[in-house]
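The residues making up each chain are set out below.
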Amino acid sequence: MFGMRLQLCIFLSFLLKSLSAHNDFYTSIGHMTDLLFTEKDMVTSLKEYIRVEESKLEQVKRWADQLESLSITAIQDPEGFLGHPVNAFKLMKRLNTEWGMLETLVLSDTTEAFISNLTMQRKHFPTEDDQTGAAKALLRLQDTYHLETNTIATGNLPGVTYKSPMTVEDCYELGKIAYSDSDYYHTELWMSQSLQQLDQGEESTIDKVTVLDYLSYAIYQQGELERALEITKRLLSLDSEHQRARGNLKYFEFQMLQQRSDEEEAAQKQRNEGTVGNKTEEKKKGFKEPIPERKMYEKLCRGEGIQMTPRRQSRLFCRYYDNHRNPMYLLSPVKQEDEWDRPYIVRYHDIISHSEIEKVKSLAKPRLRRATVHDPLTGKLTTALYRVSKSAWLTGYDDPLIDKINQRIEDLTGLEMDTAEEMQVANYGVGGQYEPHFDFGRKDEPDAFKELGTGNRVATWLFYMTDVAAGGATVFPDVGAAVWPKKGTAVFWYNLFASGEGDYSTRHAACPVLVGNKWVSNKWIHERGQEWRRPCDLDQSK
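These figures come from a predicted structure and were not determined experimentally. (Residues numbered from 1 in each chain as written. Predicted model: local features only at pLDDT ≥ 70, side-chain atom pairs only at ≥ 80, totals over all residues. Heavy atoms only, no water.)

This part is about the packing of aromatic side chains. The relation between two aromatic rings is expressed through the spacing of the ring centres and the mutual angle of the planes. For the structure shown, the criterion picks out 20 aromatic pairs. Between the aromatic rings of Y179 and Y214, the centroid separation amounts to 5.0 Å while the plane-to-plane angle is 90 degrees, which identifies the pairing as edge-to-face. Of this pair, Y179 sits in helix α8 (residues 168–180) while Y214 sits in helix α10 (residues 208–221), placing them 35 residues apart in sequence. Overall, Y179 belongs to the partly exposed group, its relative accessible area being 30%. (Phe/Tyr/Trp six-rings, centres within 6.5 Å; stacked < 30°, edge-to-face > 60°. Helix = DSSP H or I, 4+ residues; strand = E, 2+ residues; numbered from the N terminus. Buried < 20%, exposed > 50% of the residue type's maximum accessible area, 1.4 Å probe, protein only.)

See below:
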């Protein structure tokens with residue numbers, strides 16, 4: 001028994017050390033997989049606790065059944081029963097000894113081991129921040145991909161393998177998290193979904209009154225007084241003594257009267273003054289305003305708004321490529337495909353093998369930490385809400401494979417890798433994304449890469465190490481381009497013109513992962529060392 005406990009303690013110690021190295025679980029699907037195994041171990045521990053409890057109860061039940069049978073016989077003729085000396089002895093023994101043993105059995109604490117394990121592991125469970133982060137990720141996915149609330153709640157997402165419907169409690173929790181952020185739009189959506197499922201008869205610890213209370217306020221905050229009043233009346237029909245609802249009813253009714261009065265006054269004023277044409281609006285007719293970057297980014301993530309004309313498309317080709325007869329690729333050239341013309345983006349197919357991908361992932365996973373961005377004000381690295389992923393940095397010192405991959409990039413691009421940054425490996429979490437950004441340092445960020453001493457980021461090489469069931473594209477909002485993940489491929493583009501000026505059309509983003517697990521790795525290639533490999537040109541458009 002002691003040996004088993006010692007093994008359990010060693011196992012838990014190892015498990016908790018691996019978990020304690022991580023936080024922000026929701027930002028990496030790779031790290032979240034560890035939690036599934038942790039939960040499986042906890043279920044095993046729970047079932048063992050149940051088995052011990054059931055065994056104890058079975059002993060108590062057998063004891064009770066025996067005594068019940070004996071008591072029924074004894075009380076029919078108490079004196080005659082106790083006239084038998086053995087019965088008298090056994091009665092003394094039961095009351096003096098056996099009932100005490102039963103008391104000890106009932107009072108024995110079988111929960112100690114389970115509670116101890118649970119308490120120890122809970123210290124390394126996801127936090128409230130993780131739950132909130134995952135909830136906000138769902139809301140982000142809902143907005144980006146224009147998903148109906150019911151579609152998410154029923155688990156009917158595109159490309160899903162493991163369908164998982166949401167309960168009333170799940171929907172209610174999303175609504176509460178949105179409410180705590182004063183996000184009344186999403187509060188309404190998810191409280192309405194909770195109410196719909198309750199109306200359909202789903203059993204829940206959440207009652208309709210609570211949901212209606214949140215719902216009426218969220219609708220009121222969006223300026224829909226009439227609907228807020230209707231919801232409040234429904235709430236009071238279920239709980240006529242609800243103090244807040246009674247106060248809201250009076251307030252909403254007063255606001256409705258005031259609103260009608262203001263509308264009538266405005267209408268009368270307009271009739272008195274006559275309708276005045278708005279010349280400014282007339283001038284705007286026929287003028288098409290540019291789409292804001294955020295909307296363009298989300299459209300591209302959905303596969304909409306791609307700005308590639310048939311004529312330009314006809315100039316994009318696929319080819320076998322050996323980079324000007326590089327000896328490594330003379331006999332076995334790689335497959336290269338033009339993805340976009342301006343900026344010029346190429347994709348290399350079958351450029352990294354499955355075994356290489358698995359090795360890189362296994363090297364990176366223990367090192368994964370919340371991904372950071374350069375703060376333009378401080379010049380330091382910091383985490384950001386617009387970058388939801390975890391990343392790790394790998395060099396040839398970690399494994400010779402990294403040097404082999406770096407050499408492959410050098411052979412195909414013709415660019416010097418000695419001055420490039422270490423290989424970055426990233427794994428995206430729930431709704432993982434990286435909103436529009438530049439890879440290169442702009443003129444207003446003169447110290448962006450000063451500490452590296454290798455100049456600006458001249459080019460980006462990006463490996464896709466997994467297929468993604470839905471979402472996860474790399475998009476370029478300024479030019480309307482979208483590149484979709486495909487396992488074993490890599491894309492490459494220049495961030496700087498040959499003149500050294502930044503190519504602002506390379507502003508790009510990683511779309512939220514809707515369904516699936518996205519692993520990528522990239523090399524940021526710097527200016528130093530490229531003097532003879534990519535000579536400078538004064539023409540800023542090259």
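The next point concerns the sheet that holds strand β12 (residues 474–476). Pairing within the open sheet is antiparallel, and its four strands lie in the order β9-β15-β12-β13. Here the strands that pair on one side only, and so sit at the sheet edges, are β9 (434–437) and β13 (481–483). Pairs of neighbouring strands in the sheet enclose a mean axial angle of 15 degrees, with direction left out of account. As paired elements, β12 and strand β15 (residues 508–510) share two bridges and run antiparallel to each other. Note that in β15 the partner of V475 across the bridge is A509. (Pairing = 2+ DSSP bridges. Axes fitted to C-alpha atoms, helices over the stretch in contact; angles between N-to-C directions.)

Moving on: the pattern of salt bridges. Working definition: two side chains of opposite charge can pair if their charged atoms are close together. Applying the stated criterion across every chain, the model contains 30 salt bridges. Ionic pairing is found between D181 and K136, a salt bridge with its closest N-O pair at 2.8 Å. Of the two residues, D181 is situated in the loop between α8 and α9 (184–199) and K136 in helix α6 (residues 128–144); the sequence distance between them amounts to 45 residues. Its salt-bridge partner being E339, residue R347 comes within 2.6 Å of it at the nearest N-O pair. Each member of the pair, R347 as well as E339, carries the same accessibility label: buried. (Salt bridge = Lys/Arg side-chain N within 4 Å of Asp/Glu carboxyl O.)

Before going further, it helps to spend a moment on the side chain of Q142. Structurally, Q142 is set in helix α6. The residues touching Q142, leaving out its near neighbours within four places in the chain, are L147, E148, T149, I152, H186, L189 and W190. (Contact = heavy atoms within 4.5 Å.)

Let's shift gears to helix α5 (residues 112–122). Of all the residues in α5, the buried ones are F114, N117 and Q121. The buried residues of α5 occupy one face: seen down the axis, they fall within an arc of 70 degrees. In α5, the exposed positions angled more than 90 degrees off the buried face are occupied by E112 and R122. (Arc of directions from axis to C-beta.)

Take the sheet that holds strand β8 (residues 423–428) next. Taken in spatial order, the nine strands of this open sheet run β1-β2-β3-β14-β10-β17-β8-β7-β4, and their pairing is antiparallel. Because the sheet does not close on itself, it has two edges, and the strands there are β1 (318–321) and β4 (369–370). Relative to β8, strand β7 (residues 389–394) runs antiparallel, the two sharing six bridges. Note on β8: the bridge partner recorded for S391 is A426. With respect to the sheet, helix α16 (residues 354–364) is in contact with β7, β8 and β17 (519–526), its orientation differing from that of β7 by roughly 100 degrees. Those strands touched by helix α17 (residues 400–413) are β1, β2 (334–340), β3 (345–349), β7, β8, β10 (457–464), β14 (489–494) and β17, and its axis lies near 120 degrees from that of β10.

This part takes up unusual backbone geometry. Backbone phi values are negative for most residues with the exception of glycine, while trans is the configuration of most peptide bonds. In this model, R342 is joined to P343 through a cis peptide bond whose omega is 0 degrees. Mapping P343 onto the fold places it in the loop between β2 and β3. Even without being a glycine, N323 presents a positive backbone phi close to 50 degrees. With respect to the helices, strands and loops of the structure, N323 is situated in the loop between β1 and β2.

Let us now look at the packing of α16 against α17. In contact at an axis separation of 11 Å, α16 and α17 are set at 125 degrees when each is read in the N-to-C sense. Between α16 and α17, the angle is such that the two are oblique. For the element pair α16 and α17, the recorded crossing hand is left-handed. Facing α16, whose interface residues are E356, K359, V360 and L363, α17 presents L401, I402, K404, I405 and R408. In the contact of α16 with α17, the residues fall into five nonpolar, no polar and four charged. (Parallel < 35°, antiparallel > 145°, perpendicular 65-115°, else oblique. Left-handed = near helix turned anticlockwise from the far one by under 90°. Nonpolar A, V, L, I, M, F, W, Y, C, P; charged D, E, K, R; others polar.)

With that settled, consider the nonpolar core. Judged by nonpolar contacts, the single largest core of 36 residues is most densely connected at Y348, I351, W461, F463 and I525. Among the secondary structure elements, those contributing two or more residues to this core are β3, α16, β7, α17, β8, β10, β14 and β17. For this core, the element with the highest residue contribution is α17, accounting for five residues. The residues touching I525, leaving out its near neighbours within four places in the chain, are I409, L415, E416, M417, A420, N456, R457, V458, A459, F492 and Q530. (Core = buried A, V, L, I, M, F, W, Y, C linked by side-chain atoms within 4.5 Å.)

With that settled, the discussion passes to the pairing of β8. For β8, the buried fraction is high: six of the six residues fall into the buried class. The two faces of β8 match: M423, V425 and N427 on one face and Q424, A426 and Y428 on the other face are all buried. When β8 meets β17, the two strands line up antiparallel, connected through four bridges. Bridging from a neighbouring strand, N427 pairs with W519 of β17.

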